[in-house]
Structure formats: structure tokens, C-alpha cells
Amino acid sequence: MSNLIPDDLLNPDIPVPEELRSNIAITTLEQIYNWGRKMSVWPLMFGLACCAIEMICTAASRYDLARFGMEVMRPSPRQADLMIVSGTVTKKMIPQIVRLYNQMPEPRYVLSMGACANGGGPFKEGYNVVSGVDKYIPVDVYVPGCPPTPQALLHGLIKLQEKIARQSFRTVPWYQKGPGEAIPIPVLGPDLLDPRQVEEIRRRAMEVLAQKQEAAATAQPQRVAEAAASVTEAPAPRRGLSPEEIARRKAEMEERRRAREAARRAGEGGGEQA
């Protein structure tokens, strides 16, 4: 601090005499504009899980966000500059987060707080948890930890201030020509569907369907040939005996019976003579 004027507002290439520094500052419009914005960031007042407790602690008297001009947490997204995603982002919650982000005016910023918001955290493999909020909205600062301490959140906010101070009128998107494009709100069904991926999903589905149809068309002639071969190689069905064959077999059986009967009688007669 040089007297009453912050050092980051002064232009080091143009020195100001010591006796005039309390009254004169040579700076640029971008520098003074970004300095005013970075020292008056209004966070959106909402929390998702245990990281929100640390965020509340950061806003309390011990750490005092008022030192950075960020103590005004707004309940309406239309009056907020910063969204702090503090906690686990579920598939049921991400459509509401995207809707709130679209309602925030430009310039707007997003701070992802904690392992769950950054990449899913310990619930990454859960069926109902989004693996990172940055898959749906742009994130400016990531704060690691599970949960991060208030000091870590303060460090992330200071990094956000540094990013704001580096921005230029010529490159920021909200000063470019043309209307801004809102982020499509994800559709929650059996799973989470990003409307931006509809065309890609449709294209891949058509490719899979074409591959299946091609495989079926290739396999059809082979199945027909195998069926035909099985028909030609099948054994002839067994036919019934003719009446002549039945009579012949009955006669043979009768002759064998008579021969056995004669042999039995001959054996009995020989035994009686002895």
C-alpha cells in the first residue's frame, strides 16, 4: 500500500513523486475496473453438503470474508457474481445448478469447492453422483480437500481475485458482439443426458445399428446353408413292416417254439425209460 492507493493500481512504468502519491495515481481503465470488481464479488448463497459448513465458517467472524468484499451472499442468482459449488453434486441436483448458473448475470464465476465437486470424491463410482461439476458448467478455480478448510477456501478466493485482475476488455466473452449462449439444462431420466451430446449419441446409435444389420445380413446366407445341409444329411425316417414281413416273422417264431417244445418232450421221455 502506497499511502491510500493500492499498489496494484499504480503503473510502475510511470513513477509518481512521493509527495503526490496520496493524491495522484496513474493507472488504466482496465486496472481500476478489475480492482473494483475483484473487491466486490457477491457469492450465491447455497450449499450442497459438508463443504457448505466450511464455507459458512469462512464467512463467520474468525476468517471474515468482509476483508475481501465478499460478505454479501445473495439468495438470488440474479444478484450474484460467484457460484461456490460446495459439496456432492448428484444427478438430481445438477439441472438446478445449471439453471442457477444461467440466471446469473455476466460477469460470473464458479469456484468448485472440495473433492466431490471437483471429481466425485469418495462417491465417484456411485450411480447417482456426477464426476465433476465442470462437465456441465465452466469452473474458474478448484479448491481441493475433503472438506477444504476455511484457509483453503480463502486461498481459492484470492486466486479468483488474481484471475479477475488479469482479465481484459478485449478478450472477456461478455464484452464480445452477439448474445451469449446459455448452457442447456441436463435432462434427468434413467440417467443424466446432456442435450449438447444428443447428436453424438444419435450418430453412435446409428453406427451400432448399422453394424448389427450388416452382421445379420452376412450371417443369414450361412445359416440358410447350414439348415439345408442338415436337411440333406438327415437319416431317412424309419418305415413300418409290410404284412408279408410280419407273417414271415410270426412263422419263424412259431417254428422255434415248436422245436423247443419237441426237445422238451424228448427229454422227459428219455428220463422215464431210465
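Residues numbered from 1 in each chain as written. Predicted model: local features only at pLDDT ≥ 70, side-chain atom pairs only at ≥ 80, totals over all residues. Heavy atoms only, no water.

Visitor: Which residues make up the pairing of strand E2 (residues 109–113), and what are the values?
Guide: Across the five residues that make up E2, a large majority, five, are buried. Of the two faces of E2, the one carrying Tyr-109, Leu-111 and Met-113 and the one carrying Val-110 and Ser-112 are both buried. Both strand E1 (residues 82–86) and E2 contribute to a ladder of five bridges, which runs parallel. Of the residues in E2, the one forming a bridge with Ser-86 is Met-113. A crossover links E1 with its parallel partner E2, the connecting element being helix H3 (residues 94–103), and its sense is right-handed. Looking at chain direction, E2 and strand E3 (residues 141–143) are connected through three bridges and run parallel. Paired with Ser-112 across the bridge in E3 is Tyr-142. (Buried < 20%, exposed > 50% of the residue type's maximum accessible area, 1.4 Å probe, protein only. Helix = DSSP H or I, 4+ residues; strand = E, 2+ residues; numbered from the N terminus. Pairing = 2+ DSSP bridges. Right-handed = clockwise from strand over helix to strand, strands pointing away.)

Visitor: Account for the layout of surface pockets, naming residues and giving values.
Guide: Unfilled space is identified by rolling a water-sized probe across the atoms. Volume-wise, the largest pocket comes out at about 390 Å³. Lining the largest pocket are 21 residues, and of these Tyr-101, Glu-106, Arg-108, Pro-173 and Trp-174 lie nearest its centre. Among the residues making up the lining of the largest pocket, the classes are represented as eleven nonpolar, four polar and six charged. (1 Å grid on protein atoms, 1.4 Å probe; cavity = no way out; pocket = protein on both sides within 12 Å on 5 of 7 lines; lining within 4 Å. Points joined across faces, edges and corners; volume = space filled by probe spheres on them. Nonpolar A, V, L, I, M, F, W, Y, C, P; charged D, E, K, R; others polar.)

Visitor: So what's going on with the nonpolar core? Residues and values would help.
Guide: Generally speaking, a soluble globular protein has its nonpolar side chains buried in company with each other. With 22 residues, the main nonpolar core has Leu-65, Leu-82, Leu-111, Met-113 and Leu-157 as its most contacted residues. When sequence neighbours within four positions are dropped, the list of residues in contact with Met-113 reads Cys-51, Glu-54, Met-55, Ile-84, Val-85, Ser-86, Gly-87, Asn-118, Val-143, Pro-148 and Leu-153. If you look at the next biggest cluster of nonpolar residues, it comprises 20 residues, including Val-85, Val-139, Ile-183 and Leu-192. (Core = buried A, V, L, I, M, F, W, Y, C linked by side-chain atoms within 4.5 Å. Contact = heavy atoms within 4.5 Å.)

Visitor: Give a description of the packing of helix H1 (residues 29–38) against helix H5 (residues 150–166) that names residues and reports values.
Guide: Where H1 contacts H5, the two axes come as close as 8 Å, and the packing angle between them is 155°. As far as their axial angle goes, H5 and H1 are roughly antiparallel. You can see that H1 and H5 cross each other, and the crossing is right-handed. Contacts between H1 and H5 involve Asn-34, Arg-37 and Lys-38 from the first element and Gln-161, Ile-164 and Ala-165 from the second. Of the residues that constitute the contact of H1 with H5, the class distribution is two nonpolar, two polar and two charged. (Axes fitted to C-alpha atoms, helices over the stretch in contact; angles between N-to-C directions. Parallel < 35°, antiparallel > 145°, perpendicular 65-115°, else oblique. Left-handed = near helix turned anticlockwise from the far one by under 90°.)

In short, geometric facts, not functional conclusions.
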